[in-house]
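Chain by chain, the residues:
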Amino acid sequence: CASKILEDFVPPYDATAVAKLRSAGTVFLVEDEAMIRMMVADMLEELGYSVAAETGEINEAIRLAPGVAMFYLNRAGSLNHKREFTRAIADFNQTLLLHPTPELMAAALYGRGLAKRHLGRTADGDRDLAAAQALSKTIAERAKRYGFA
């Protein structure tokens with residue numbers, strides 16, 4: 001359920017906007033399919049949450065909330081799929097700079113490692129992959145399940 005996405009989110013700093021959203025039981029919804037976004041918004045409201053903001057575009061989400069690591073990680077994964085590895089690495093780096101949870105850190109390191117390997121930076125990429133696997137024993141399996149290899 002979408003309400004679980006931000007359940008354990010711990011912001012890397014005391015952001016007024018994040019604190020207000022959390023205390024008010026509100027979420028920032030990002031979904032590119034309009035019908036799905038509408039259904040998720042309805043479900044969240046039925047669960048007692050308020051949708052403070054919503055967008056169908058990840059760049060808009062980043063513009064509105066630049067301190068959310070998950071947004072950069074999401075865009076980086078999309079860029080990796082598009083084989084835009086240099087841009088993906090920049091977003092994986094931004095994800096890591098925002099001091100994400102260990103699981104998000106593992107995902108960012110793993111994705112960055114794959115991107116570096118695609119760019120021919122094999123040893124550097126292997127270091128990232130090893131660091132990711134040290135943080136999460138299941139990261140490689142999960143990455144393959146979502147089309148990252």
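Scroll up for the structure.
Being a predicted model, the structure only gives us computed values, none of them experimental.

**Observations concerning the overall build of the chain**
- Each helix and strand counted, the chain has eight helices and two strands in total.
- When the helices and strands of the chain are placed in sequence order, the string is α-β-α-β-α-α-α-α-α-α.
- A separation of at least 24 residues holds for 48% of the contacts in the chain among residues at least 6 apart in sequence.
- Put simply, the chain shows about 8,800 Å² of open surface, and 56% of that area lies on carbon and sulfur atoms.

**Observations regarding the nonpolar core**
- Residues Leu-73, Phe-92, Ala-108, Tyr-110, Ala-132 and Ile-139 are the most contacted members of the largest nonpolar core, which totals 17 residues.
- Going through the elements one at a time, α4 (69–81), α5 (85–97), α6 (102–118), α7 (122–135) and α8 (139–145) are the ones with two or more residues in this core.
- In terms of residue count, α6 provides more of this core than any other element does, six residues in total.
- In contact with Ala-108, other than residues within four places in its own chain, are Leu-73, Phe-92, Thr-95 and Leu-96.
- Residues Ile-58, Ala-65, Ala-69 and Leu-98 belong to the second largest nonpolar core, which totals ten residues.

Scoring rules and cut-offs
- Residues numbered from 1 in each chain as written.
- Predicted model: local features only at pLDDT ≥ 70, side-chain atom pairs only at ≥ 80, totals over all residues.
- Heavy atoms only, no water.
- Helix = DSSP H or I, 4+ residues; strand = E, 2+ residues; numbered from the N terminus.
- Contact = heavy atoms within 4.5 Å.
- Areas by Shrake-Rupley, 256 points an atom, 1.4 Å probe, with all protein chains shown as cover.
- Core = buried A, V, L, I, M, F, W, Y, C linked by side-chain atoms within 4.5 Å.
- Buried < 20%, exposed > 50% of the residue type's maximum accessible area, 1.4 Å probe, protein only.

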